[in-house]
Amino acid sequence: MDTVADRDYCIEFASIAAMSYMHLSRLCEEIIIFASQEYKFVELSDDFTTGSSIMPQKKNCDFAELIKGRTGRMYGYLQAMLTMMKGIPLAYDKDMQEDKFLSYETIDLWQNTMKVMAPMVRKMRINAKRTYQAAAHGFSTATDMADYLVKKGMPFRDAHRVVGQTVRYCVEKDKTLEELTLGEFKAQSDLFEEDIFEDISLEHSVGARKSYGGTSPEAVKVQMQNAEKFLDDAHQKLL
């Protein structure tokens, strides 16, 4: 029965492929959003975009949209596999020959998608200036400001309140934290000194997270090396 009635390996493969495609779809959605005129964080290569039928200046992220749209098809293969197996007895029935078609379709869709996805990401250009400007807004280093006050001896609950007041002040004055003067900082707390500007810089905020999985360049490099090793090991197992 375990030999002739089992298709769990096909279902597990279809499940992994569907979950993988879900993440590909999410990545494509972010690419589409970040490539829009409102964000302009990234620009896709012309190889993976098409022109608008009426607006000559517009680049449509058609490949990313198609990948996102085909997620439903991948989910369908998994659902079809599960449905095929649910209504047959614990033996071989001819229904089960459908597993070949569904498995091959799953493989073809996933492989064809990766043939597009990999070079699309590789050729994607990041607008560093634009992303830096966006990161400077939204008070993304407010937590670093609270940490600064804690290092100076202030209890975190009080630091939380001071940072909240400072952010409210910035909103009223239409300023970022980096644009405040030392006098404006001191008006919120006497603990602020000249070194506050270094602690709330984007570079310091990113670089300070050095723990495993953190955002510092060193920590990110470790994760990249781990990913490369994982892929190399997987490739060797396939060989």
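Everything that follows concerns the structure shown earlier in this document.
What you see is a predicted model, and the numbers here were worked out from it, not measured in a lab.

## Describing the overall build of the protein chain
Within the protein chain one finds eleven helices and four strands. Against the globule reference of 18 Å for 239 residues, the protein chain gives a C-alpha radius of gyration of 26 Å, more extended than a compact globule. Summarising its shape, the C-alpha atoms of the protein chain cover approximately 80 × 50 × 35 Å along the three principal directions. Within the protein chain, contacts between residues at least 6 apart in sequence are counted, and of these 62% link residues at least 24 apart. Of the roughly 15500 Å² that the protein chain leaves accessible, carbon and sulfur atoms contribute 58%. Here the protein chain contributes 30 positively and 37 negatively charged side chains, and the mean placements of these two sets differ by 2 Å.

## Brief notes about the packing of helix α1 (residues 8-34) against helix α4 (residues 98-122)
Helices that pack against each other are described as a pair by the angle of their axes relative to one another and the distance between those axes. Axis separation between α1 and α4 bottoms out at 11 Å; the angle between their running directions is 30°. Taken together, the axes of α1 and α4 lie roughly parallel to each other. Handedness of the crossing formed by α1 with α4: left-handed. Of the residues in α4, those touching α1 at Cys10, Phe13, Ala17, Ser20, Tyr21, Leu24, Leu27, Cys28 and Ile31 are Asp99, Ser103, Thr106, Ile107, Leu109, Trp110, Thr113, Met114, Met117, Met120 and Val121. A breakdown of the residues in the contact of α1 with α4 according to their chemical character gives 15 nonpolar, four polar and one charged.

## A closer look at a nonpolar patch on the surface
Where nonpolar side chains cluster on the molecular surface, the patch consists of Phe13, Tyr104 and Ile107 and spans about 290 Å² of accessible area. The topology assignment puts Ile107 in helix α4.

## As for the side chain of Ser201
Position of Ser201 relative to the elements: it lies in the loop between α9 (196-199) and α10 (202-207). Polar contacts involving the side chain of Ser201 include one to the main-chain amide nitrogen of His204, which spans 3.2 Å.

## Observations regarding the nonpolar core
Within the largest apolar cluster, 30 residues are counted, with the highest numbers of intra-cluster contacts made by Ile67, Met74, Met81, Met117 and Met120. Ranked by residues supplied to this core, first place goes to α1 with ten residues. Among residues more than four places away in sequence, those in contact with Ile67 are Tyr21, Leu24, Cys28, Thr113, Val116, Met117 and Met120.

Thresholds, definitions, all that
Residues numbered from 1 in each chain as written. Predicted model: local features only at pLDDT ≥ 70, side-chain atom pairs only at ≥ 80, totals over all residues. Heavy atoms only, no water. Helix = DSSP H or I, 4+ residues; strand = E, 2+ residues; numbered from the N terminus. Rg over C-alpha atoms; globule rule 2.2 N^0.38 Å. Contact = heavy atoms within 4.5 Å. Areas by Shrake-Rupley, 256 points an atom, 1.4 Å probe, with all protein chains shown as cover. Lys, Arg positive; Asp, Glu negative; His and termini not counted. Charge placed at Lys NZ, Arg CZ, Asp CG, Glu CD. Axes fitted to C-alpha atoms, helices over the stretch in contact; angles between N-to-C directions. Parallel < 35°, antiparallel > 145°, perpendicular 65-115°, else oblique. Left-handed = near helix turned anticlockwise from the far one by under 90°. Nonpolar A, V, L, I, M, F, W, Y, C, P; charged D, E, K, R; others polar. Patch = residues over 30% accessible without salt bridge, like charges linked within 9 Å, V, L, I, M, F, W, Y side chains within 5 Å. Salt bridge = Lys/Arg side-chain N within 4 Å of Asp/Glu carboxyl O. Polar contact = N/O pair within 3.5 Å; in protein donor to acceptor, adjacent residues only side chain to side chain. Core = buried A, V, L, I, M, F, W, Y, C linked by side-chain atoms within 4.5 Å. Buried < 20%, exposed > 50% of the residue type's maximum accessible area, 1.4 Å probe, protein only.

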